[in-house]
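Chain residues, written in single-letter form:
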Amino acid sequence: MADSQDYEVLEEIGRGSFGAVRRVVQRSTGTVMVRKEIKYGHMNVKERQQLIAECRILAQLRHEHIVRFHSWDFDERGQVLYLYMEYCSRGDLQALIAKYRQEHKYMPEQTVWAVLAQLLEALYRCHYGEDAVPLQTVYDRMSPPGKHGGIVIHRDLKPGNVFLTGETSSSSSSPSSAPPPLLSIGTVKLGDFGLAKALGSSHQFATTYVGTPYYMSPEVLRDQPYSPLSDVWSLGCVVYEMCTLRPPFPARNYGELQHRIQQGNYAPLPDYYSQGLAQIIASMLKTDLKQRASTFELLQDIQVRTSRKALQLERFERNLLDYESELRSIEQLLERQALESERQGQQRVQRPTDSAYRRFTRPEYHWRERQR
Ligand SMILES: Nc1ncnc2c1ncn2[C@@H]1O[C@H](COP(=O)(O)OP(=O)(O)OP(=O)(O)O)[C@@H](O)[C@H]1O
């Protein structure tokens, strides 16, 4: 649990359905984080216990592409639960999609693949309780996941819960015709697990759904228990929206939305995008659960493997560049120190000369010299 005295509360950055989200600084470490407020006054004891149990699970969910959950704290008087999480400085995918829509531009295909690859790694970690192994070559095939004790289902995967953070790779040094680096939008992190439901191995499925209708899977709409494949459906909707800048099943009301999702028919992707991308989206948007691809199967796709490998190499290159610039600044520091000690050395050599000169010009010196 966190000590709220250790946090300096900064500005509000937004509001969700549960309450305000604020930027905070942890005084003891100087780390900038976000603090999410959840009002728990209306919850019964069981629901509160469930919430804390989920916090405990989220605190253990550590992955490069999952927003890090740091700790939690209560304000008993205000009946507010505070969740302290990693701050993602580059906004979310919803805002990025809105930007492309405003500029009437398509998101570059390789950016779409890069986002998909990173989200698949995050979901694989949640669904199988282990990390997808890094690839040596794009031809590497992953071995099937082992036995695992816990499944975490996100349950609310949507563009607004996909965050962007970290330094971006600059494209300024590359020629204008070159495609943008994969990390030009930053590193992708899956967040807002506030509604995620952690399932023990004994319960295969959970039954209550809390989600955003546009991205809701057909089985959940039919009030059926949901599984990790419900997250895959939502991921398919998110990737589709990155390409068309609209959700796949737009509707004016709940009834229409329900009908469209059950039918599973959506408008084709613009010609700008490849067949491969259209096919992988189709494999996620299968209304029949038995036909829908799992995160394990999706990670076998050659384009996904190529993106994962390209991201690995881009990160490696960026680390090398960081290392090189660190070496350069050490070199400059050493050069400055060498110059300084050379200057001091010269002064030391000059000082006796100066004092000798002063002695030499003193009248008694001349007198003594003359006595010799
Ligand atoms: N970890 C984070 N880093 C940076 N910004 C964040 C983070 N978490 C949330 N935000 C921002 O805070 C705002 C509110 O987020 P929040 O997730 O509470 O609500 P929401 O996703 O907009 O709605 P809902 O509660 O229905 O999911 C959004 O603008 C979101 O981008």
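Computed from a predicted structure; not experimentally measured. (Residues numbered from 1 in each chain as written. Predicted model: local features only at pLDDT ≥ 70, side-chain atom pairs only at ≥ 80, totals over all residues. Heavy atoms only, no water.)

Draft legend 1. Structural view of the site of the ligand. Close to the ligand lie 17 residues; Ser-17, Glu-86, Cys-88, Asp-92 and Asp-192 are nearest. Between a nitrogen atom of the ligand and a main-chain N or O atom of Glu-86, the distance comes to 2.9 Å. Within the contact set of the ligand, an oxygen atom lies 2.7 Å away from a side-chain nitrogen or oxygen of Asp-192. Burial of the ligand by the protein amounts to 79% of the accessible area it has alone, namely 610 Å². Elements with a minimum of two residues in the shell around the ligand: β1 (7-15) and β3 (31-39). When residues in the shell around the ligand are grouped by element, the largest group, three residues, is from β1. (Near = heavy atom within 4 Å. Polar contact = N/O pair within 3.5 Å; in protein donor to acceptor, adjacent residues only side chain to side chain. Areas by Shrake-Rupley, 256 points an atom, 1.4 Å probe, with all protein chains shown as cover. Helix = DSSP H or I, 4+ residues; strand = E, 2+ residues; numbered from the N terminus.)

Draft legend 2. Spatial organisation of the pairing of strand β4 (residues 69-75). In this sheet, strand β5 (residues 80-86) lies alongside β4 in antiparallel orientation, the contact comprising six bridges. Within the sheet, the bridge partner assigned to Asp-73 lies in β5 and is Tyr-82. (Pairing = 2+ DSSP bridges.)

Draft legend 3. Looking closely at the packing of aromatic side chains. This model, assessed by the stated rule, comprises 11 aromatic pairs. Arranged with centres 5.9 Å apart and planes meeting at 80 degrees, the rings of Tyr-40 and Phe-74 form a pair that is edge-to-face. In this pair, Tyr-40 sits in the loop between β3 and α1 (45-60) while Phe-74 sits in strand β4, placing the two residues 34 residues apart along the sequence. Exposure remark for Tyr-40: the relative accessible area of 9% places this residue in the buried category. On the basis of relative accessible area, Phe-74 is assigned to the partly exposed category, the value being 32%. Ring centres of Trp-233 and Phe-249 lie 5.5 Å apart, and the angle between their planes is 10 degrees; this geometry places the pair in the stacked category. (Phe/Tyr/Trp six-rings, centres within 6.5 Å; stacked < 30°, edge-to-face > 60°. Buried < 20%, exposed > 50% of the residue type's maximum accessible area, 1.4 Å probe, protein only.)

Draft legend 4. How the structure looks around the UniProt feature "coiled-coil region" (unreviewed entry) in the protein. Per the UniProt entry, the sites bearing "coiled-coil region" (unreviewed entry) are residues 313-340 in this numbering. The distance from the first to the last C-alpha atom of residues 313-340 is 40 Å, and the span holds 100% helix and 0% strand. (UniProt positions renumbered as here; feature names shortened; annotations may be inferred.)

Draft legend 5. Layout of the pattern of salt bridges. Considering all chains together, one arrives at 16 salt bridges under this definition. With a shortest N-O distance of 3.6 Å, Glu-103 and Lys-105 are connected by a salt bridge. Lys-105 gets classed as partly exposed once you look at its relative accessible area, which sits at 47%. Close ionic contact of Arg-252 with Glu-256 constitutes a salt bridge, the shortest N to O distance being 3.2 Å. Among the residues examined, Glu-256 registers a relative accessible area of 18% and is labelled buried. Salt bridges linked by common partners bring Glu-12, Arg-15, Arg-22, Arg-35 and Glu-37 together as one network. (Salt bridge = Lys/Arg side-chain N within 4 Å of Asp/Glu carboxyl O.)

Draft legend 6. Representation of the sheet that holds β1. Pairing is antiparallel across the open sheet formed by five strands, whose spatial order is β1-β2-β3-β5-β4. Two strands in the sheet have a free side with no partner beyond their single neighbour: β1 and β4. Across the sheet, the mean angle separating the axes of adjacent strands is 30 degrees when strand polarity is ignored. Contacts from α1 reach β3, β4 and β5 within the one sheet, and its direction differs from that of β4 by about 155 degrees. (Axes fitted to C-alpha atoms, helices over the stretch in contact; angles between N-to-C directions. Contact = heavy atoms within 4.5 Å.)

Draft legend 7. Main features of the environment of Gln-344. Within the secondary structure, Gln-344 is located in helix α9 (residues 302-361). By relative accessible area, Gln-344 is classed as partly exposed at 37%. Separated by 22 residues in the primary sequence, Gln-344 and Asp-322 have C-alpha atoms spaced 33 Å apart.

Draft legend 8. Local environment of the UniProt feature "binding site: ATP" (unreviewed entry) in the protein. Mapped onto this structure's residue numbering, the UniProt feature "binding site: ATP" (unreviewed entry) falls at Lys-36. Here Lys-36 shows up in strand β3. Dropping the residues within four chain positions of it, Lys-36 is found in contact with Ala-20, Val-21, Leu-81, Tyr-82, Leu-83, Met-85 and Asp-192.

Draft legend 9. Just the pairing of strand β8 (residues 187-190), in detail. Neither face of β8 is open: one carries Thr-187 and Lys-189, the other Val-188 and Leu-190, and all of them are buried. The pairing of strand β7 (residues 162-165) with β8 spans four bridges and is classified as antiparallel. Residue pairing across strands places Phe-163 opposite Lys-189, the latter belonging to β8.

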